[in-house]
Amino acid sequence: MDILKAGNPPRAAFLDYPLGHTTGKPSQPELQREIMLQALESFTSLTVPGQIKVLPFRWDDEDWKPTAMTEGDARTPRHDTPQYQTEEDRIRAEANAAACEVCEVRTSAIG
Amino acid sequence: MSQPPVEYIRRITDNYAKLGYKAYQWVNNPEVPPWTPLKKPLSQCKLGLVASGGIYATGQIAFHFKDDTSFRAIPTTVKTTDLRTAHFAYDQTDARKDPNVVFPIDTLRRLVKEGVVGSLAENFYTFMGGIYSSRRVADDLAPRLTERFVADEVDVALLVPV
């Protein structure tokens, strides 16, 4: 919420879930749909620039919050080469890059 | 009683200080943001999306972690099982189980089927939001993404941060 307020976008819907769960919980499509419906409603219901709608969903418990507040920087190192989720991804990406001289927008990094 | 939202700015600022880094310059936009009313019902709108969770599709080049200001165009017909993530600043376990938690593609496709949203743009855009230079985001990445939204003629744009 603090980062959102500082960024100050035209409209925002805030979901108080742990980092990495911006639009819901995994494998819960009904919940994801409810969250999205409430978020999209902001396009019409928020009428003052910078307004934030707090979405009425709660993670099961709030045990995650104290940990999120106190844990040290849990980031992985900032590697400067592409970090593939799987080795297969790397092989596919490199094959795609090799196969075209002017890579299509969809396969290549843009910018 | 509900605990208040986590104060990430304070926590990260403290962590940086502990690590001996220079104080991080958080983006702060005090001016009133630009604002346009919706010109037609959402059910008639074309929706565009940009997500910062480092999502890419298998076959695309993955993001790197050192101020990567590139973005990917992911077709909105993508197979959900082809989606991957590459990011250094959040636990990707659940995003890798179900990308919809940071890239709500199935959710939005469903809402188009239901008639809640008119249509989706041909591509959604993604980038890796762990970019320490806010100037590069403002001057370089954001304008290029805006160009895409304008070219795609979207009526609304959803930003999904992590």
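Definitions and limits used
Residues numbered from 1 in each chain as written. Chains lettered and ligands numbered in written order. Predicted model: local features only at pLDDT ≥ 70, side-chain atom pairs only at ≥ 80, totals over all residues. Helix = DSSP H or I, 4+ residues; strand = E, 2+ residues; numbered from the N terminus. Buried ≥ 20, exposed ≤ 12 C-beta atoms within 10 Å, placed from the backbone. Contact = placed C-beta atoms within 7 Å. Expected span 1.5 Å × (residues − 1). Nonpolar A, V, L, I, M, F, W, Y, C, P; charged D, E, K, R; others polar. pLDDT = per-residue confidence, 0-100. Axes fitted to C-alpha atoms, helices over the stretch in contact; angles between N-to-C directions. Parallel < 35°, antiparallel > 145°, perpendicular 65-115°, else oblique. Arc of directions from axis to C-beta.

Undergrad: Before we go on, may I ask you to explain the overall build of chain A in this structure?
TA: Counting its secondary structure elements, chain A contains five helices and two strands. Moving toward the C terminus, one meets the helices and strands of chain A in the order α-β-α-α-β-α-α. Split into buried and exposed, the 111 residues of chain A put 20% on the buried side. A separation threshold of at least 6 residues defines the contact pool for chain A, and within that pool the share at least 24 residues apart is 52%.

Undergrad: Where do I start with the overall build of chain B in this structure?
TA: Looking only at helices and strands, chain B has four helices and seven strands in total. When the elements of chain B are put in sequence order from the N terminus, they spell out α-β-β-β-β-α-α-β-β-α-β. Across its three principal directions, the C-alpha atoms of chain B cover 50 × 45 × 40 Å. Going through the 162 residues of chain B one by one, you find that 36% of them count as buried. Taking the intrachain contacts of chain B between residues at least 6 apart in sequence as the baseline, contacts between residues at least 24 apart amount to 76%.

Undergrad: Where do I start with helix H4 (residues 134-152) of chain B in this structure?
TA: Think of an α-helix as turning once every 3.6 residues; residues three or four places apart then point the same way. Residue and element names in this part refer to chain B. When the terminal C-alpha atoms of H4 are compared, their 25 Å separation across 19 residues agrees well with the 27 Å that a helix rising 1.5 Å per residue should span. Considered for burial, the residues of H4 that qualify are Leu141, Leu145 and Arg148. Positive backbone phi, at 55°, marks Glu153, one or two positions downstream of H4.

Undergrad: I tried to follow the interface of chain B and chain A on my own but got confused; where do I start?
TA: Interface size is commonly expressed as the accessible area that is lost once the parts come together. Counting residues at the interface gives 64 residues for chain B and 57 residues for chain A. Elements with a minimum of two residues in the side of chain B that touches chain A: helix H1 (8-18), strand E3 (71-75), strand E4 (83-85), helix H2 (93-97), helix H3 (105-113), H4 and strand E7 (156-160) of chain B. Ranked by residue count, the leading element in the side of chain B that touches chain A is H3(B), at five residues. Its residues assigned to classes, the side of chain B that touches chain A comprises 37 nonpolar, 15 polar and 12 charged.

Undergrad: What exactly am I supposed to notice about the confidence of the model for chain A here?
TA: Detailed reading of the predicted coordinates is not advisable wherever pLDDT is low. Residue and element names in this part refer to chain A. Across chain A, the average pLDDT comes to 88, with 86% of residues at 70 or higher. Element-level pLDDT for chain A is lowest in helix H4 (residues 64-70), with a mean of 87, against a maximum mean of 98 in helix H2 (residues 29-40). In this model residues 103-107 is a low-confidence stretch, pLDDT under 50, and it forms nine contacts with partners more than four residues away in sequence or in other chains.

Undergrad: Can you help me understand the packing of H2(A) against H3(B) in this one?
TA: Packed helices, taken two at a time, are described by their axes: the angle between them and the distance between them. The interhelical angle for the contact between H2(A) and H3(B), taken along N-to-C directions, is 70°, at an axis separation of 10 Å. Comparing the axis directions of H2(A) and H3(B) gives the class roughly perpendicular. Contacts between H2(A) and H3(B) involve A:Pro29, A:Gln32, A:Arg33 and A:Met36 from the former and B:Asp106, B:Thr107, B:Leu108, B:Arg110 and B:Leu111 from the latter. Class assignment for the residues of the contact of H2(A) with H3(B) results in four nonpolar, two polar and three charged.

Undergrad: How do you make sense of H3(B) when you look at a structure like this?
TA: Taken together, the buried positions of H3(B) are B:Ile105, B:Thr107, B:Leu108 and B:Leu111. Down the axis of H3(B), the buried side of the element spans an arc of 160°, and every buried residue falls inside it. Against H2 of chain A together with strand E1 (46-51), strand E5 (119-120) and strand E6 (123-127) of chain B lie the buried residues of H3(B). Note on H3(B): the residue one or two positions beyond its end, B:Gly115, has a positive phi of about 85°.

Undergrad: Would you mind showing me how to read the environment of A:Pro10 here?
TA: Position of A:Pro10 among the secondary structure elements: in the loop between helix H1 (2-7) and strand E1 (11-14). The spatial distance from the C-alpha of A:Pro10 to the C-alpha of A:Thr67 is 31 Å, given a sequence separation of 57 residues. If sequence neighbours within four positions are ignored, A:Pro10 has contacts with A:Pro49, B:Pro33, B:Pro34 and B:Trp35.

Undergrad: Sorry if this is basic, but what is going on with the environment of B:Gly129 here?
TA: Residue and element names in this part refer to chain B. Within the secondary structure, Gly129 sits in the loop between E6 and H4. On the basis of neighbour counts, which here come to 18 C-beta atoms within 10 Å, the residue Gly129 falls in the partly exposed class. Note: C-alpha distance between Gly129 and Pro161 (32 residues apart in sequence) is 7.7 Å. With residues up to four places along the chain from it excluded, the contact list for Gly129 reads Ser52, Pro161 and Val162.

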